[in-house]
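Working through the structure, step by step
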Amino acid sequence: QFSNQVLFSLGAIAANGRLIGSEPEQQIKVTNIENYIKSGKFTDISTGGNRIIAGTGLLRKLGATDGSTVFISNGRSSPIPFKVIGTFETGTRQLDDSTAFAALIDVQRLSGFQNEINNIAVRLFDFEKAREFALSLRPIAVDKIESWDEINASFLNVFQIQDATRYLMIAVILLVA
């Protein structure tokens, strides 16, 4: 993948977000994005041609729909038109309101970093071994390697706090009873 912070715009309306360039056939193997497609087909971006699959929240912010042409800029160059050929909705507001997918080559061209990637995703059969796998790669890699639970540590911390609060409330109720 090549992920880039960009500015999406349609007319006078603009929104910051993230444009992820990927090879759809590979993306489908490591993520479940295809399960969240509302319209279009995720693999339709594979041929390039400045086409995107955007989050429904992002399109709502811009006032765009399927078939609209959205202008995307990396902040250093003039905006480039991309046609919306599909939508996705994961239920995660942060992702749906700010993310779009395009062909890897289109995002590399937009960013000015031809033939570069900045994210490699690996799918494991046992997700609980992700940290162990990441640790095994760190000694041989020059780049930063993180497991999904390290990336989402603050998010997972919320669940630990909820569990602790729930157990405390149950203990208080039992004590009072």
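Quick look at the structure, then. (Residues numbered from 1 in each chain as written. Predicted model: local features only at pLDDT ≥ 70, side-chain atom pairs only at ≥ 80, totals over all residues. Heavy atoms only, no water.)

What follows is about the overall build of the protein. Within the protein, the secondary structure is distributed over seven helices and seven strands. In the protein, the succession of α and β elements from N to C terminus is β-β-α-β-β-α-β-β-α-β-α-α-α-α. Within the protein, the fraction of its 177 residues that count as buried is 36%. Taking the contacts inside the protein whose residues are at least 6 apart along the sequence as the reference set, 60% of them involve residues at least 24 apart. As displayed, the protein offers around 11200 Å² of accessible surface, 56% of which is attributable to carbon and sulfur atoms. (Helix = DSSP H or I, 4+ residues; strand = E, 2+ residues; numbered from the N terminus. Buried < 20%, exposed > 50% of the residue type's maximum accessible area, 1.4 Å probe, protein only. Contact = heavy atoms within 4.5 Å. Areas by Shrake-Rupley, 256 points an atom, 1.4 Å probe, with all protein chains shown as cover.)

What follows concerns the nonpolar core. Judged by nonpolar contacts, the single largest core of 20 residues is most densely connected at Phe 8, Leu 19, Ile 52 and Ile 72. Residue assignment for this core shows that the elements contributing at least two residues are strand S1 (2–10), strand S2 (13–22), strand S4 (51–55), helix H2 (56–62), strand S5 (69–73), strand S6 (80–88), strand S7 (99–103) and helix H4 (104–111). (Core = buried A, V, L, I, M, F, W, Y, C linked by side-chain atoms within 4.5 Å.)

Of all eight residues in H4, six are buried, a share of seventy percent or more. Within H4, the full set of buried residues consists of Leu 104, Asp 106, Val 107, Gln 108, Leu 110 and Ser 111. Tucked into the core, H4 has its buried residues touching S1, S2, S4, S5, S6 and S7. Gly 112 lies just past H4 and shows a positive phi near 85 degrees.

Looking now at the pairing of S4. Successive residues of a regular strand alternate their side chains across the two faces of the sheet. Among the five residues that make up S4, four are buried, leaving the element largely enclosed by the rest of the structure. Direction of pairing for S4 relative to S7: antiparallel, over a ladder of three bridges. If you follow Ala 54 over to S7, its bridge partner there is Ala 100. (Pairing = 2+ DSSP bridges.)

Side chains carrying opposite charge are able to pair once their charged atoms draw close together. Considering all chains together, one arrives at three salt bridges under this definition. Ionic pairing is found between Arg 109 and Asp 106, a salt bridge with its closest N-O pair at 3.1 Å. Remark: Asp 106 and Arg 109 occur in helix H4; sequence separation between them is three residues, near one turn of the helix. A relative accessible area of 45% means that Arg 109 is categorised as partly exposed. Asp 106 sits in the buried class, given a relative accessible area of 2%. We note a salt bridge from Arg 166 to Asp 163, for which the minimum N-O separation is 2.9 Å. Here Arg 166 pairs with Asp 163, and both are found in helix H7 (residues 153–176), just three residues apart, close to one helical turn. Take Arg 166: its relative accessible area is 41%, and that puts it in the partly exposed class. The exposure class of Asp 163 is partly exposed, given its relative accessible area of 32%. (Salt bridge = Lys/Arg side-chain N within 4 Å of Asp/Glu carboxyl O.)

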